[in-house]
Amino acid sequence: MKIRKSKATAGDKVELQMTPMIDVVFQLLTFFIMSFKIVTEEGDFNVKMPISAPREGLPDESLPPMKIRLRADGSGNLTSIALNDNSFGTSFASLRDYIIGVIGDDRGPGSLQETAEVELDCDYNLKYDNVVQAITSVSGYKQGDQIVKLVEKIKFSPPRKVGESG
Amino acid sequence: MKIKSRDNSTAEGDMTPMIDMTFQLIAFLMVMVNFSQVDQNAAVQLPKSELARPADKPLEEPITLHILKSGEVILGGQTVYIEGLKALLGREAESLHAKGKSEQAATIIIRAHKDCPTGKVQEVIKACQETRFDRFALRAQEEL
């Protein structure tokens, strides 16, 4: 049987049509560039707050209740931070140092860090940003890339009325 | 004078490096693109916190509440004042019951604007508590 020699293999160069592919590729590129948005990561502070929170277990006698009072001026800016009878001005760093002093370095089951509870009592019009700063200060701090945890149990006092102080 | 005959062959540029680059760009953008706008709202500027880290695993039954600077609450695309929030939360509770779950299984994600009055956030939390939700996640933006 005679085998025919194909015309394509006779040294002719087969040229692909690149234009449609490049068209589609550029359309894809445009779509992704238009829909691209740099989103910063978000994280959560988990809080468990039943309506009438009964204390789980017996209260820890070795640790006084920690109530943080955040006061605000008329425009919602922070004016003072106080923990029980200790005032820290408007410095969250001082609050954190005090909490570290109370909690100590002990971590793990049964430690003060595990049982400690902080209650936040804030003025009605206080800007929420300050509350998150307070929660950040009491819940831990960064040491290099590691997060050292402090108080994990955080709750809110009942909401104050507009203009109520004390 | 002798006139040279014009060469009919067309000059072709090498397309390969351009196509390589374009595909690499597309691959990069495809990986980085984030379409999930469900739990985000451009009107809410979150407070920043150095301890805010994304959760290791997705929350079970999350319900996201966006609290605007004015104190209005957005839930599932509906904007309501705190007085109208309980009705919407009631609907969320019903859908949980239909799945055989209780309100305690859900986590309320609170995305409040950084300048929103704290009292408004507390009122939202109270409304949630009154509809028997008790697990909350206060969302903050990671501070770089």
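The model shown is predicted, which means the values in this text are computed figures rather than measured ones.

**Describing the overall build of chain B**
Within chain B, the secondary structure is distributed over three helices and six strands. Here chain B holds 144 residues, and 42% of them are scored as buried. Looking at chain B alone, contacts between residues at least 24 apart form 76% of all its contacts between residues at least 6 apart. Accessible area for chain B stands at about 8600 Å²; split by element, carbon and sulfur atoms hold 53% of it.

**Re the interface of chain B and chain A**
Taken residue by residue, the interface counts 54 residues in chain B and 51 residues in chain A. When the buried surface of chain B facing chain A is broken down by residue, Leu51, Gln122 and Leu138 of chain B rank first, second and third, together holding 15% of it. Where chain B touches chain A, the interface holds four salt bridges. Measuring nitrogen to oxygen at the nearest pair gives 3.9 Å for the salt bridge that ties Glu42 of chain A to Arg139 of chain B. Linking chain B with chain A are 14 residue pairs in polar contact (both at pLDDT 80 or more). Contributions of two or more residues to the side of chain B that touches chain A are made by helix 1 (16-32), strand 1 (48-49), strand 5 (107-112), helix 3 (118-130) and strand 6 (135-142) of chain B. For the side of chain B that touches chain A, the element with the most residues is helix 3 of chain B, which contributes 10 residues.

**Structural notes on helix 4 (residues 128-139) of chain A**
Given a rise of 1.5 Å per residue, 12 residues ought to cover 16 Å, and the 17 Å separating the end C-alpha atoms of helix 4 of chain A matches this to within 8%. Here helix 4 of chain A has its buried residues at Tyr128, Asn130, Val131, Val132, Ala134, Ile135, Thr136, Ser137, Val138 and Ser139 of chain A.

**Some points on a nonpolar patch on the surface**
On the surface, Leu16, Met18, Met21 and Phe26 of chain A together with Met15, Met18 and Phe23 of chain B cluster together into a nonpolar patch covering about 620 Å² of accessible area. Among the elements of the structure, helix 1 (19-35) of chain A together with helix 1 of chain B are those that each provide at least two residues to the nonpolar patch. If you trace the backbone, Phe23 of chain B turns up in helix 1.

**Focus: the confidence of the model for chain A**
Averaged over all residues, the pLDDT of chain A is 80; the fraction at 70 or higher stands at 78%. Within chain A, helix 4 of chain A carries the highest mean pLDDT (92), whereas helix 3 (residues 112-115) of chain A carries the lowest (75).

**Focus: the pattern of salt bridges**
Opposite charge on two side chains lets them pair, provided their charged atoms get close. Residue and element names in this part refer to chain A. Taken as a whole and judged by the stated rule, the model has 11 salt bridges over all chains. Residues Arg69 and Asp123 are paired through a salt bridge, measuring 2.7 Å at the closest nitrogen-oxygen approach. Taken together, the positions of Arg69 in strand 2 (residues 66-72) and Asp123 in the loop between strand 5 (117-122) and helix 4 put the pair 54 residues apart, joining distant regions of the chain. With a relative accessible area of 8%, Arg69 lands in the buried category.

**Quick look at the packing of helix 2 (residues 92-103) of chain A against helix 4 of chain A**
Residues and elements named next belong to chain A. Viewed as axis vectors pointing N to C, helix 2 and helix 4 meet at an angle of 30°, and their least axial separation amounts to 8 Å. With respect to their mutual orientation, helix 2 and helix 4 come out roughly parallel. Both helix 2 and helix 4 take part in a crossing whose hand is right-handed. From helix 2, Phe92, Leu95, Arg96 and Ile99 reach across to helix 4, where they touch Asn130, Gln133, Ala134, Thr136, Ser137 and Val138. Each residue belonging to the contact of helix 2 with helix 4 can be placed in one class, and the counts come to five nonpolar, four polar and one charged.

**Thoughts on the sheet that holds strand 8 (residues 153-156) of chain A**
The strands making up a sheet are joined through hydrogen bonds of the backbone, oriented either antiparallel or parallel. Residue and element names in this part refer to chain A. Reading across the sheet, the five strands line up as 4-3-2-5-8 and stay open at both edges, with mixed pairing between neighbours. Both edges of this open sheet fall to strand 4 (86-87) and strand 8, since each of them pairs with a single strand only. Where strand 2 and strand 3 (residues 78-83) come together, five bridges link them in antiparallel fashion. Bridging across to strand 3, Ala72 finds its partner in Leu78.

**As for the environment of Leu96 of chain B**
Residues and elements named next belong to chain B. Summarising the element assignment, Leu96 is placed in helix 2 (residues 82-98). Expressed as a C-alpha distance, the spacing of Leu96 and Ala106, which sit 10 residues apart in the sequence, is 8.2 Å. Apart from the residues within four sequence positions on either side, Leu96 is in contact with Glu61, Lys101, Ser102, Glu103, Ala106 and Phe133.

**A look at the pairing of strand 2 (residues 62-67) of chain B**
Residues and elements named next belong to chain B. For strand 2, the tally of buried residues reaches five of six residues, placing the bulk of the element in the interior. Both strand 2 and strand 5 contribute to a ladder of six bridges, which runs parallel. Bridge assignment links Pro62 to a residue of strand 5, and that residue is Thr107. Two successive antiparallel strands, strand 2 and strand 3 (residues 73-75), enclose a turn made up of five residues, where Gly71 displays a positive phi of approximately 100°.

**Here's the deal with the packing of aromatic side chains**
Counted by the stated rule, this structure contains three aromatic pairs over all chains. Relative to Phe32 of chain A, the ring of Phe31 of chain A has its centre 5.3 Å away and its plane inclined at 65°; by these criteria the two rings are edge-to-face.

Conventions we followed
- Residues numbered from 1 in each chain as written.
- Chains lettered and ligands numbered in written order.
- Predicted model: local features only at pLDDT ≥ 70, side-chain atom pairs only at ≥ 80, totals over all residues.
- Heavy atoms only, no water.
- Helix = DSSP H or I, 4+ residues; strand = E, 2+ residues; numbered from the N terminus.
- Buried < 20%, exposed > 50% of the residue type's maximum accessible area, 1.4 Å probe, protein only.
- Contact = heavy atoms within 4.5 Å.
- Areas by Shrake-Rupley, 256 points an atom, 1.4 Å probe, with all protein chains shown as cover.
- Buried area = accessible area lost by both parts, 1.4 Å probe.
- Salt bridge = Lys/Arg side-chain N within 4 Å of Asp/Glu carboxyl O.
- Polar contact = N/O pair within 3.5 Å; in protein donor to acceptor, adjacent residues only side chain to side chain.
- Expected span 1.5 Å × (residues − 1).
- Patch = residues over 30% accessible without salt bridge, like charges linked within 9 Å, V, L, I, M, F, W, Y side chains within 5 Å.
- pLDDT = per-residue confidence, 0-100.
- Axes fitted to C-alpha atoms, helices over the stretch in contact; angles between N-to-C directions.
- Parallel < 35°, antiparallel > 145°, perpendicular 65-115°, else oblique.
- Left-handed = near helix turned anticlockwise from the far one by under 90°.
- Nonpolar A, V, L, I, M, F, W, Y, C, P; charged D, E, K, R; others polar.
- Pairing = 2+ DSSP bridges.
- Phe/Tyr/Trp six-rings, centres within 6.5 Å; stacked < 30°, edge-to-face > 60°.

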